[in-house]
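Descriptive structure summary
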Amino acid sequence: MVSTLHYPVNQEGHLTIAGADAVELAKEYGTPVIAYNIDLVRQRARKFKDTFDELNVKSQVAYASKAFSSIAIYQVMKEEGLSLDVVSGGELYTALKADFPPDKIHFHGNNKSYQELEMAFDANIGCIVVDNFDELLTLRQLTKERKQRMAILLRVTPGIEAHTHTYITTGQQDSKFGFDLGNGQADEAFRLVYDDEYIEVLGLHCHIGSQIFETNGFVAAAEKLLLKMQQWNETYQYTCPVLNLGGGFGIRYTDEDEPLSPEIYVKEMVLAIKRLSNESAFPLPEIWIEPGRSLVGDAGTTLYTIGSQKKIPGTRHYVAVDGGMSDNIRPALYQAKYDAKVANRMTAPTNHIVTIAGKCCESGDKLIEDLSIPEVQTGDILAMFSTGAYGYAMASNYNRLPRPAVVFVEGGQSQLVIRREVYEDIVRNDLSLYESEEK
Ligand SMILES: Cc1ncc(COP(=O)(O)O)c(C=O)c1O
Ligand SMILES: N[C@@H](CCCC[NH3+])C(=O)O
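Residues numbered from 1 in each chain as written. Chains lettered and ligands numbered in written order. Predicted model: local features only at pLDDT ≥ 70, side-chain atom pairs only at ≥ 80, totals over all residues. Heavy atoms only, no water.

For the protein chain, the count of helices and strands is 13 helices and 20 strands. Its C-alpha radius of gyration of 23 Å places the protein chain within 12% of the 22 Å reference for a compact globule of 439 residues. Accessible area for the protein chain stands at about 19,500 Å²; split by element, carbon and sulfur atoms hold 47% of it. The distance from the centre of the 42 positive side-chain charges to the centre of the 60 negative ones in the protein chain is 1 Å. (Helix = DSSP H or I, 4+ residues; strand = E, 2+ residues; numbered from the N terminus. Rg over C-alpha atoms; globule rule 2.2 N^0.38 Å. Areas by Shrake-Rupley, 256 points an atom, 1.4 Å probe, with all protein chains shown as cover. Lys, Arg positive; Asp, Glu negative; His and termini not counted. Charge placed at Lys NZ, Arg CZ, Asp CG, Glu CD.)

This is how it looks when you write it as C-alpha cells:
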C-alpha cells in the first residue's frame, strides 16, 4: 500500500501529532503509546454540534464511549458540551468518576444487569435505551419499587443492512439488539409502557452499523422510525419527542476510505427528517446521534518501537513491533486495514514492502500487510494511524502483555491520561495456591 495521505512533519523529518514531535513522545512515555490529537477530537465534536445548531434543530450529540472510555476523554466531551452513551456499569462508573453530568448520560446494552440498572437509577441518569422485553419489565418493577421516574428510548432494529463488515452491522433484522420494528415487537413494547406512571417514553433509537460511508441508510432508518412515531401518535395520541439515529459515521483508515464530513451526515439526516415531519404534520423531534469512531478514531496514533525483522526471500519481509493484537485486535478480528509511517524517517524513500507483525504468539497477529516503508532498524518508531477507536477499548493482556500508555496532545503539549500497565497490575488479581501457607 502506497500512502498519499498527508501527515505533518517537522524540520527534523519527524512526524508531529497535534504539534508535538512523535519521536519525542515515544521517548518520554515509552512505547507502545497511543497519542490522541485532542485538537482534532474537539474540532469534530464542535462540527457535529454546530451543524445541528445551524439547522435550528434541537439535538444531543452523545459520544459513544465504547470507542474509547477513560476519565480524561469523558472530561473532554464534557467540556465540549456533548452527552455520553455508556454500555456497561464500568463505563457508567468511569463517567461518574469524571464528573460527567448524569442527566446527559444514556445507558445502552442488550443485557443490562439488575445491579447496573440500579446504578443508573442511583445516579439519576438522563435516559435508558431499552433493548428488550425482559429489561422493560425490570424497569417497570424498579421504577415502581423506588417510586423513581426514568426516561427511556426504545431501541429498534429497522431491518436495514448497512454496507460494512458483517460483525459490525447492527440494524438488520437478525440482530441481538433491540425490538424488531417490522414484526410488531416495537408496538408491543410501546403499548406496555407509554402510559406508565413512572416511565417516560422519549422515542425510538436505532443504530444501523459502524464505519458507514453513505447517508442513505441513515435516511431510510429515519423514515421508518418517524413513520412509527407518527402511527403511535395517531393511535395513542402520544407524541414521542426524540429520534435517536445512533452512530456509525465512517473515518479514514487508508487511502481507500472516503469518509463524509460530520456536516454532511448531519445535514442529510436533518433535511430528511424535516421533510418527513412537514409532510406528515408530525412535530419535528429532537434528533440525537451517537458518534464514537468519528470523534476519536483518526485522532489516535499508536507509536511502536520496531524490533526484530525476518525476511523470507520471495515471500515476505516481517517487521515486528513491541505491541500487536493485544493493543489492537481489529486487523485480526475484522481484517481491518491501517496505514503507518516510520515516525523518525518521514522523508526517507519508502522502497520496502513489509508486513508489520505484532509480538503475540499468534501467526495471525499481523497489524498491516504490504506496507511501503523505508529501510528500518531496531529502535525506529512506527506510527500506526487511526487507532483511536476500538483499539485501547478492546485491548487485552493476551500473553500477559501490559496495556499501553495513553497520552493526550493539544496545541503541542502532551499529558499522560492512562498509565502504562506494569507487571504488578497484571498479577494483581491472581491468587496463589499456597495463599494460606504464605500468610
Ligand atoms: C448503539 C450504538 N451507538 C453508537 C455506536 C457507535 O458507533 P461508531 O463508533 O461507529 O460511531 C455503536 C457502535 O457501533 C452502537 O452500538
Ligand atoms: N468494535 C467495532 C465496532 C463495534 C461497534 C459497536 N456497536 C470496530 O472496531 O469496528
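Moving on: the site of ligand 2. Close to ligand 2 lie seven residues; Arg293, Arg330, Tyr334, Tyr390 and Met394 are nearest. One nitrogen or oxygen atom from the side chain of Arg293 is found 2.7 Å from an oxygen atom belonging to ligand 2. Arg330 is positioned such that a nitrogen or oxygen atom in its side chain is 2.5 Å from an oxygen atom of ligand 2. Residue composition of the shell around ligand 2, grouped by class: four nonpolar, no polar and three charged. (Near = heavy atom within 4 Å. Polar contact = N/O pair within 3.5 Å; in protein donor to acceptor, adjacent residues only side chain to side chain. Nonpolar A, V, L, I, M, F, W, Y, C, P; charged D, E, K, R; others polar.)

Let us look at the UniProt feature "modified residue: N6-(pyridoxal phosphate)lysine" (unreviewed entry) in the protein chain. Under the UniProt annotation, "modified residue: N6-(pyridoxal phosphate)lysine" (unreviewed entry) lies at Lys66. Within the secondary structure, Lys66 sits in the loop between β4 (59-64) and α3 (71-79). (UniProt positions renumbered as here; feature names shortened; annotations may be inferred.)

Attention now goes to the UniProt feature "binding site: pyridoxal 5'-phosphate" (unreviewed entry) in the protein chain. In the numbering adopted here, UniProt assigns the feature "binding site: pyridoxal 5'-phosphate" (unreviewed entry) to Gly248, Glu290, Pro291, Gly292, Arg293 and Tyr390. Mapped onto the fold, Gly248 is located in the loop between β11 (242-244) and α9 (262-280). The contacts of Gly248, once residues within four sequence positions are left out, are His207, Gly209, Ser210, Gln211, Ile212 and Phe218. One can find Arg293 in helix α10 (residues 293-296). When its relative accessible area of 4% is taken as the criterion, Arg293 is described as buried. (Contact = heavy atoms within 4.5 Å. Buried < 20%, exposed > 50% of the residue type's maximum accessible area, 1.4 Å probe, protein only.)

This part takes up the packing of aromatic side chains. Applying the stated criterion across every chain yields a total of 16 aromatic pairs. Residues Tyr36 and Phe408 carry aromatic rings whose centres are separated by 5.7 Å and whose planes lie at 70° to one another, so their mutual orientation is edge-to-face. Of the two residues, Tyr36 sits in strand β3 (residues 33-37) while Phe408 sits in strand β19 (residues 405-410), which places them 372 residues apart along the sequence. For Phe408, a relative accessible area of 7% translates into the label buried. Summarising the aromatic geometry, the rings of Tyr194 and Tyr238 are spaced 6.1 Å apart at their centres and angled 85° between planes, so their arrangement reads as edge-to-face. Taken together, the residues span a long stretch of sequence, with Tyr194 in the loop between α7 (185-193) and β10 (199-205) and Tyr238 in the loop between α8 (216-236) and β11 at a distance of 44 residues. (Phe/Tyr/Trp six-rings, centres within 6.5 Å; stacked < 30°, edge-to-face > 60°.)

Moving on, we come to the pairing of strand β20 (residues 413-418). Note: β19 against β20, five bridges, orientation antiparallel. Looking across to β20, one finds that Val406 is bridged to Ile418. (Pairing = 2+ DSSP bridges.)

Around ligand 1, 15 residues are found, and the nearest of them are His207, Ser210, Glu290, Arg293 and Tyr390. Here an oxygen atom of ligand 1 sits 3.2 Å away from a polar atom, N or O, in the side chain of Lys66. Within the side chain of His207, an N or O atom sits 2.7 Å from an oxygen atom of ligand 1. Starting from 390 Å² of accessible surface for ligand 1 in isolation, the protein chains cover 93%. The class makeup of the residues in the shell around ligand 1 is three nonpolar, seven polar and five charged.

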